[in-house]
Amino acid sequence: MASSFTRLMSGRNKAVLLAGLGAGTMATGFLLSESSPLSADLKTKLYPPSSDYPDLRKHNNCMASALTPAIYAKLRDRVTPNNWTLDQTIQTGVDNPGHPFIKTVGCVAGDEESYEVFSDLFTPVIVDRHNGYDPKTMIHPTDLDASKITNGMFDENYVLSSRVRTGRSIRGLSLPPACSRAERREVERVVVTALAGLKDDLDHFLFDKPVSPLLTCAFMARDWPDARGIWHNNEKTFLIWINEEDHTRVISMEKGGNMKRVFERFCRGLKQVEHLIQERGWEFMWNEHLGYILTCPSNLGTGLRAGVHVRLPKLSKDARFSKILDNLRLQKRGTGGVDTAATGDTFDISNNDRLGKSEVELVQLLIDGVNHLIECEKKLEKGQDIKVPAPVAQFKK
Amino acid sequence: MPFGNTHNEWKLKYSAEDEYPDLSKHNNHMAKVLTQDMYARLRDKQTPSGFTLDDVIQTGVDNPGHPFIMTVGCVAGDEETYEVFKELLDPVIEDRHGGYKPSDKHKTDLNAGNLQGGDDLDPAYVLSSRVRTGRSVRGFALPPHCSRGERRGIEKLSIEALDSLSGDLKGKYYALKNMTEEEQQQLIDDHFLFDKPVSPLLLASGMARDWPDARGIWHNNNKTFLVWVNEEDHLRVISMQKGGNMKEVFNRFCTGLTKIESLFKERGHDFMWNEHLGYVLTCPSNLGTGLRAGVHVKLPNMSKQPQFEEVLKRLRLQKRGTGGVDTAAVGGVFDISNADRLGFSEVELVQMVVDGIKLLIEMEKRLEKGQSIDDLMPSQK
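Residues numbered from 1 in each chain as written. Chains lettered and ligands numbered in written order. Predicted model: local features only at pLDDT ≥ 70, side-chain atom pairs only at ≥ 80, totals over all residues. Heavy atoms only, no water.

Along the backbone of chain B there are 13 helices and 10 strands. Against the compact-globule benchmark of 21 Å for 381 residues, chain B has a radius of gyration of 21 Å, which places it among compact chains. Seen through its C-alpha atoms, chain B measures out along the principal axes to roughly 70 × 45 × 40 Å. Residues counted as buried form 60% of the 381 residues belonging to chain B. Of the roughly 14,800 Å² of accessible surface on chain B, a fraction of 50% belongs to carbon and sulfur atoms. With 48 positive and 57 negative side-chain charges, chain B shows a spacing of 2 Å between the two charge centroids. (Helix = DSSP H or I, 4+ residues; strand = E, 2+ residues; numbered from the N terminus. Rg over C-alpha atoms; globule rule 2.2 N^0.38 Å. Buried < 20%, exposed > 50% of the residue type's maximum accessible area, 1.4 Å probe, protein only. Areas by Shrake-Rupley, 256 points an atom, 1.4 Å probe, with all protein chains shown as cover. Lys, Arg positive; Asp, Glu negative; His and termini not counted. Charge placed at Lys NZ, Arg CZ, Asp CG, Glu CD.)

Looking now at the interface of chain A and chain B. Chain A puts 52 residues into the contact, and the matching count from chain B is 48 residues. Of the roughly 4,000 Å² buried at the junction of chain A and chain B (both faces included), carbon and sulfur atoms supply 48%. For B:Asp54, the salt bridge goes to A:Arg181, with nearest N and O atoms at 2.7 Å. Looking at the side of chain A that touches chain B, the elements with two or more residues in it are helix H1 (4-20), helix H3 (40-46), helix H4 (49-52), helix H7 (86-95) and helix H10 (181-196) of chain A. Looking at the side of chain A that touches chain B residue by residue, the classes come out as 21 nonpolar, 13 polar and 18 charged. (Contact = heavy atoms within 4.5 Å. Buried area = accessible area lost by both parts, 1.4 Å probe. Salt bridge = Lys/Arg side-chain N within 4 Å of Asp/Glu carboxyl O. Nonpolar A, V, L, I, M, F, W, Y, C, P; charged D, E, K, R; others polar.)

Turning our eyes to something else, we now look at the environment of B:Gln241. Residues and elements named next belong to chain B. Mapped onto the secondary structure, Gln241 falls in strand E5 (residues 235-242). Taking the relative accessible area as the measure of exposure, Gln241 reaches 15% and is therefore buried. Placed 16 residues apart in sequence, Gln241 and Phe225 show a C-alpha to C-alpha distance of 8.7 Å. Sequence-distant contacts of Gln241, defined by excluding residues within four places in its chain, comprise Ser128, Ser129, Thr224, Glu248, Val249 and Arg252. Separated by 2.8 Å, the side chains of Gln241 and Glu248 make a polar contact. (Polar contact = N/O pair within 3.5 Å; in protein donor to acceptor, adjacent residues only side chain to side chain.)

By the secondary structure assignment, B:His97 is in the loop between helix H7 (86-96) and strand E1 (126-135). Apart from the residues lying within four places of it in its own chain, the contact partners of B:His97 are B:Pro284, B:Ser285, B:Leu287, B:Arg341 and B:Leu342.

Attention now moves to the confidence of the model for chain B. Here chain B averages 93 in pLDDT, while 97% of its residues score no lower than 70. Element-level mean pLDDT values for chain B span from 82 in helix H1 (residues 8-11) of chain B up to 98 in helix H4 (residues 36-42) of chain B. (pLDDT = per-residue confidence, 0-100.)

All right, on to the pattern of salt bridges then. Across all of its chains, the model carries 52 salt bridges over all chains by this definition. B:Glu87 is the partner of B:Arg41 in a salt bridge, and the nearest nitrogen-oxygen pair spans 2.7 Å. Pair noted here: B:Arg41 is in helix H4 and B:Glu87 is in helix H7, with a separation of 46 residues, a long-range link. Looking at B:Arg41, the relative accessible area reads 46%, which means it is partly exposed. The class for B:Glu87 is partly exposed, based on a relative accessible area of 31%. Residue B:Glu266 pairs with B:Arg267 through a salt bridge whose shortest N-O separation is 3.9 Å. Among the residues examined, B:Glu266 registers a relative accessible area of 56% and is labelled exposed. Ionic contacts of the salt-bridge type, sharing partners, join the residues A:Arg181, A:Arg184, A:Asp223, B:Lys11 and B:Asp54 into one network.

All names here are of chain B. With respect to topology, eight strands assemble into an open sheet ordered E2-E3-E4-E5-E1-E8-E10-E9, the strand pairing being antiparallel. One side of each edge strand has no neighbouring strand; the edge strands of this open sheet are strand E2 (171-175) and strand E9 (317-320). When the angles between neighbouring strand axes are averaged without regard to direction, this sheet yields 20°. (Pairing = 2+ DSSP bridges. Axes fitted to C-alpha atoms, helices over the stretch in contact; angles between N-to-C directions.)

The next subject is the environment of B:Asn230. All names here are of chain B. By secondary structure assignment, the location of Asn230 is in the loop between strand E4 (225-229) and E5. Leaving out residues up to four positions away in the same chain, Asn230 has contacts with Arg151, Ile154, Glu155, Trp211, Ala214 and Arg215. A distance of 3.1 Å separates a polar atom in the side chain of Asn230 from the backbone oxygen of Arg151.

Quick look at helix H8 (residues 148-163) of chain B now. Taking 1.5 Å of rise per residue, 16 residues should cover 22 Å, and H8(B) covers 22 Å from first to last C-alpha, within 8% of that figure. Across the 16 residues of H8(B), 12 count as buried, placing the element largely inside the fold. (Expected span 1.5 Å × (residues − 1).)

Residues and elements named next belong to chain B. Within helix H12 (residues 308-315), burial applies to Phe308, Val311, Leu312 and Leu315. Summarising the axial view, the buried residues of H12 lie within an arc of 100°, below the 170-degree limit, and thus occupy one face. Packing partners of the buried residues in H12 comprise E9, strand E10 (333-338) and helix H13 (346-368). Phi turns positive, to about 60°, at Arg316, one or two residues after H12. (Arc of directions from axis to C-beta.)

Disulfides are covalent bonds that connect the sulfur atoms of two cysteines. Residue and element names in this part refer to chain B. What the rule picks out here adds up to zero disulfides over all chains. Of all cysteine sulfurs, the one in Cys283 lies closest to Cys74, which takes part in no disulfide; the gap is 7.3 Å. In this structure Cys74 comes out as buried when scored by relative accessible area, which is 1%. (Disulfide = S-S within 2.5 Å.)

All names here are of chain B. Put simply, H12 and H13 touch, their axes get as near as 10 Å, and they point 155° apart. By the criterion of interaxial angle, the relationship of H12 to H13 is roughly antiparallel. In this structure, H12 crosses over H13, and the sense of that crossing is right-handed. Where H12 abuts H13, its residues Phe308, Val311, Leu312 and Leu315 lie against Met352, Gly356, Leu359, Leu360 and Met363. Its residues placed into classes, the contact of H12 with H13 shows eight nonpolar, one polar and no charged. (Parallel < 35°, antiparallel > 145°, perpendicular 65-115°, else oblique. Left-handed = near helix turned anticlockwise from the far one by under 90°.)

So, on to unusual backbone geometry. Each neighbour pair has its own omega, and for A:Trp224 with A:Pro225 the value is 0°, a cis peptide bond. Tracing the chain through its elements places A:Pro225 in the loop between helix H11 (213-216) and strand E3 (229-233). B:Pro212 follows B:Trp211 through a cis peptide bond whose omega is 0°. A positive phi angle, close to 55°, is found at A:Lys236, a residue other than glycine.

A separate point is the pairing of strand E10 (residues 346-351) of chain A. Residues and elements named next belong to chain A. Burial analysis of E10 places six of its six residues in the buried class, the great majority of the element. The pairing of strand E8 (residues 305-311) with E10 spans five bridges and is classified as antiparallel. Across the sheet, residue Val308 finds its bridge partner in E10, namely Ile349. As judged from the four bridges shared by strand E9 (residues 330-333) and E10, these two strands associate in the antiparallel manner. Paired with Leu330 across the bridge in E10 is Asn351.

Before going further, it helps to spend a moment on the packing of aromatic side chains. Evaluated as defined, the whole model comprises 12 aromatic pairs over all chains. With a centroid separation of 4.6 Å and an interplanar angle of 50°, the aromatic rings of A:Tyr115 and A:Phe122 are classed as tilted. The burial state of A:Tyr115 is the same as that of A:Phe122; both residues are buried. Ring pairs connect the aromatic residues B:Phe194, B:Trp211 and B:Trp228, which therefore count as one cluster. For A:Arg168, the ring lying beneath its charged end belongs to A:Tyr292, and the centroid distance is 3.4 Å. If you follow B:Lys13 out to its NZ or CZ, it ends over the ring of B:Trp10, 3.4 Å from the centre. (Phe/Tyr/Trp six-rings, centres within 6.5 Å; stacked < 30°, edge-to-face > 60°. Lys NZ or Arg CZ within 6 Å of the ring centre and 35° of its normal.)

This part covers the nonpolar core. In terms of nonpolar packing, the biggest core is built from 65 residues, with B:Met246, B:Ile336, B:Ile357 and B:Leu360 touching the most fellow members. With 12 residues, H13(B) is the largest single contributor of residues to this core. With sequence-adjacent residues up to four places away left out, B:Met246 is seen in contact with B:Gly118, B:Leu121, B:Ser129, B:Arg130, B:Val131, B:Ala293, B:Gly294, B:Val295, B:Val350, B:Val353 and B:Val354. Counting 58 residues, the second largest nonpolar core, distinct from the first, contains A:Ile170, A:Leu276, A:Ala306 and A:Val363. (Core = buried A, V, L, I, M, F, W, Y, C linked by side-chain atoms within 4.5 Å.)

This is how it looks when you write it as structure tokens:
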């Protein structure tokens, strides 16, 4: 509708406006001579990082704590080798301000290289989330030797079920926030082929599409349900989720209190799957500073959550319960998992930490901790008093 | 997503077959049209601002649709989307807009004087009248693709332009992120406030990113003219009032819209428009006029007639519940509006609503008296 003259005029005025927004004079000069649509390149010059810096004043997540305007300016125009950007990394944290009491992470990796390309953001986030673990200097131990576990059989009057989960990513393929349909299908192919090599028969069914905005804002639900599924053995004691929040989530679980057996099966199954994918030239994402690389920084290191459903009717009503859990480096959740409330007096108790301690260390910590909680419960039953245990040491520096 | 082309270069390493979405359970316009061959031809293209085919179709892949309701399943990220991906969008547009061809021209007519009647809809039946449309600001990416900087730029421009309005259009802007509790409640009570989209159709296209940054509502002091900034489109412009004086609503709509357009032009910005697609908006369903003119009307008897749907179809009208799209009618009160957007001018569409509502009310009155409506049956417009 506009003649070429008015388009030139509007281009001139547009340049003035954009200069007012903080654009460079060189770029505005360019615009005076062109009336073509704005290319992506041109936009990065016309919109300086300051015009794009998110409003994080009402936010309470690790990303918002770490992302200064200077860091944003430094990282905004970088891309990983798979074309993943900073804006994509932080989108979930911008869209989900968080909760006054619960500090979420607020950023995700699109690929293995994200943690390096955007390390100016991820390093402080990791230090914050993982209680001072510094990925620049510290080494994360990996130990999947289940034979080292002691006292791994719980009193089944209290412990109803035992479970260990972790995640694994396939090196060379983008992570769920970033992956294309072909990459996601490749992950599925790689894992399913490997599972075919396991001795057990495995059934397949589908989990629910994520509804949590933390996940949907991180682009993880795209193309649902394409290339998603769960494989499990007949007894449903070993399960693998494919392409939900991570490439794979590996779970070992059973009713009762035999955590040692659960962990043995976990380690054995993991090693088998790893071996089977290596036979075909694939490997898991791992490095000595971050351990196993997963989508959410909160799951780096071991990615391991070992937990039980345990009845603690008296202890859970004791005012010292939270402090005891804190000192034992344990967390409680409802029996529906994260973000649920406990039913009755049965709690999901699991390890807090993921990074800086090995798998064996974390499972042993869980076992020792739960055994201690059961001892407390028994004492309270007999009318005896309990003591708050000393805090467990953080990582060896 | 802004600035980049969303991983597209990397994806080209995989074959079209490996990337082609599984549309076997889908029922939307995009899924009907997008074959694997077409996907292969379009997948390496991008608009100048980096919007790609996968960006266009993501909402349609993520929302298979409904066996009875045909959604569109694709969105534009910028004005050039409709050109770069015309092989996909032309047939979608043709299917959605009643056979509108790539060679057709769309007529714009915002001269409210051309409307005949419309000040005489029976207020015993017509509770309220409303006209809405959308406008996009040329040179900025659309809501699925814009950066925070661009979105803020649109908000800034809009506030400046709207603050210049005077007379009965004089009003105030309420930014979503600065709203007080009282302001929020007032806007809800006035039926003005829009909320963060919850429809998966919108969320899957990326329109809700960074909410509520740079989103807001402007309305005049009389509360008869309002503008939504940065919801599903850059701007949504709405004129509304109680009662049946659609002519007055449309007058104010045209005056306000024309004034806003000239205020933007003074600041160096056109609205996105071309003579084939008319006004360019985010969703292909809103191309052309982007106009929905409607009333809340009491038709308790007529709505129970088996011919109700057929009458609406012939009049080129559609019904919705009084909560808007995807809601049910309450107490025999329906939201009746034009079904078309493209290929008819604004005046023509509002005329259809005015004439159609008059006829429906006449039929309702006959049915109240127990009389037949057969002689009133309209022919297909």
